[in-house]
Amino acid sequence: MTAFNDEPANGEALRRALGLNRRRFLSTCTAAATAAIAAPVLGASPALAQDRGRGHDHGGDVLVPANKRGIILYTVRDATGRDPLATDLPSGFREVFKQLSRFGYRQVEFAGYGQHANAPGGASLESVQGAKLLRSWLDEYGLRAQGNHGFIPPSWPLTTADLDTFKKHLEIANILGMAHMGTGGDPTGSAYRADWDVAADKWNALGEIARREGLKLYTHNHDAAYGFLLDGGPLDAQGNPTRSSGIRKLEYFLKITDPKVVWLEMDIFWAHVAQYKFHTYTAHDGSSREKVFDPAGLVVRNNKRYPLFHAKDGVVNTTNGMGYDMVPFGTGVIDYTTFFSRVGDRNYHNPMVEQDNAPSATDAGQSLTHAKIGYDNLAALRKRRH
């Protein structure tokens, strides 16, 4: 068996031939050894057909290939976090991986590396040794880690401590075999162009560090990031602009960040909430203008910048300020057949089923049940026949 810190014989030549940096090459060797404007779109039809087989992809009709069907572990956080000594339900990372693999999933996105203290490996696997253990379980059940909502340094300029922690997370990501590493938050919570300029500088720098380690660094959106940027017009008492050119915050971020080092993960549910909420802006001249947000259209214009999606569904609710309530994937009204058909590149994108409210205080098995529903409905998506 090849030791983690020892490159195999002729390893340097092989590593270069594969185009891998040294850390990613070593982690690979280790793993192998271990074994609508004012209202939501109401006409969209949910994907309700059940397709439990892994090999029945019906040729070119399938919209999400079997090896691209993933889930973010935040959906089943109660399962990874529960005490295995107090339940017969799957608990901890290893047993949850086993169950997700049985459902058919082939990819997972982490939301941190914590689990119940009584689960194999202990409470925290946020370490090199913990990552090796997680990788062995992923490999055991035929899963690939595709990303993580993890550590992004809060400091800028970077402190030494933050940079060291960031590099540790890059090392963990490489051991786990990730192609991408990211965060669950927006680059900034501000509406002002100057703050997005600073955020872009920071993300360009972080993305370059990640690129040198063989990883694509991505940021994740909620609805606010697709609201309108304040970039002109009269200034307020604090000297900030009060009006907009009509460009959305993340559209601006895409324009001013380096496409070779900064990537995005679109949460399709929150993008549709943004479509519902942010359709009118005050232009620099004071006029009110309408501009409908088209989530799929933004992806089409920047397709390679969006390697990951959160596939999250909703039903209409025009009383909660968002336009939707979250439901298990495929049981709502967001038209994923049209979305995935429009964005194309099905062998490039990595959709991760997510449901923030899947855990239940009264039904301990609900999140895993909803995970299965999500898988079945993701697998059932087919191109429409004309």
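Residues numbered from 1 in each chain as written. Predicted model: local features only at pLDDT ≥ 70, side-chain atom pairs only at ≥ 80, totals over all residues. Heavy atoms only, no water.

A.B. asks: What is the right way to look at the overall build of the chain in this model?
C.D. replies: Of regular secondary structure, the chain possesses 12 helices and 14 strands. Buried residues in the chain amount to 53% of all 386 residues. Total accessible area on the chain stands at roughly 16,000 Å², and carbon and sulfur atoms take up 52% of it. (Helix = DSSP H or I, 4+ residues; strand = E, 2+ residues; numbered from the N terminus. Buried < 20%, exposed > 50% of the residue type's maximum accessible area, 1.4 Å probe, protein only. Areas by Shrake-Rupley, 256 points an atom, 1.4 Å probe, with all protein chains shown as cover.)

A.B. asks: What is the right way to look at the pairing of strand E14 (residues 350-353) in this model?
C.D. replies: It is a general feature of regular strands that their side chains alternate between the two faces of the sheet. Where burial is concerned, the two faces of E14 agree: the one with Asn-350 and Met-352 and the one with Pro-351 and Val-353 are both buried. Bridging between strand E1 (residues 70-72) and E14 involves 2 bridges; their strand directions are parallel. Counted as the bridge partner of Gly-70 is Met-352 from E14. Looking at chain direction, strand E11 (residues 308-311) and E14 are connected through 4 bridges and run parallel. (Pairing = 2+ DSSP bridges.)

A.B. asks: Teacher, can you tell me more about the packing of helix H4 (residues 92-103) against helix H12 (residues 366-379) here?
C.D. replies: How two helices sit against one another is set out by the angle between their axes and by the gap between those axes. Close contact between H4 and H12 brings their axes to 9 Å; oriented N to C, the two are set at 30°. The interaxial crossing formed by H4 with H12 has right-handed handedness. Counted together, Gln-99, Leu-100 and Phe-103 of H4 and Leu-368, Ala-371, Lys-372 and Tyr-375 of H12 form the full contact between these two elements. Of the residues contributing to the contact of H4 with H12, the split by class is 5 nonpolar, 1 polar and 1 charged. (Axes fitted to C-alpha atoms, helices over the stretch in contact; angles between N-to-C directions. Left-handed = near helix turned anticlockwise from the far one by under 90°. Contact = heavy atoms within 4.5 Å. Nonpolar A, V, L, I, M, F, W, Y, C, P; charged D, E, K, R; others polar.)

A.B. asks: Explain the sheet that holds strand E5 (residues 216-220) to me, please; I cannot follow it from the model alone.
C.D. replies: Across a sheet, paired strands are connected by hydrogen bonds in the backbone, their directions being either parallel or antiparallel. An order of E3-E2-E1-E14-E11-E8-E5-E4 is seen for the 8 strands of this open sheet, with the pairing classed as parallel. Two strands in the sheet have a free side with no partner beyond their single neighbour: strand E3 (144-148) and strand E4 (180-182). The mean inter-strand angle of the sheet, taken between neighbouring strand axes irrespective of direction, is 30°. Note: strand E2 (residues 107-110) against E3, 4 bridges, orientation parallel. By the bridge assignment, Val-108 is partnered in E3 with Ala-145.

A.B. asks: Can you walk me through the environment of His-370 in this structure?
C.D. replies: Here His-370 lies in helix H12. With relative accessibility at 15%, the residue His-370 sits in the buried group. Linking His-370 and Thr-75, residues 295 residues apart in sequence, is a C-alpha distance of 8.7 Å. Not counting residues up to four positions away in its chain, the partners in contact with His-370 are Pro-328, Gln-355 and Ala-358.

A.B. asks: Help me understand the pattern of salt bridges, please; the structure alone is not making it clear to me.
C.D. replies: In a structure, side chains of opposite charge can pair up when their charged atoms sit close to one another. Throughout the structure, instances matching the rule amount to 17 salt bridges. Here Lys-168 makes a salt bridge to Glu-126, at a shortest N to O gap of 3.9 Å. Highlighted residues: Lys-168 in helix H6 (residues 160-176) and Glu-126 in the loop between E2 and helix H5 (128-140), separated in sequence by 42 residues. Owing to a relative accessible area of 31%, Lys-168 belongs among the partly exposed residues under this scheme. (Salt bridge = Lys/Arg side-chain N within 4 Å of Asp/Glu carboxyl O.)

A.B. asks: Even after reading the chapter, I still don't get the environment of Gln-99, so can you show me in this structure?
C.D. replies: Turning to its location among the elements, Gln-99 is positioned in helix H4. On the basis of relative accessibility, which here comes to 17%, the residue Gln-99 falls in the buried class. When the C-alpha positions of Gln-99 and Leu-89 are compared, they lie 9.9 Å apart, and in sequence the two are 10 residues distant. Setting aside residues up to four positions removed in sequence, Gln-99 forms contacts with Pro-90 and Leu-368.

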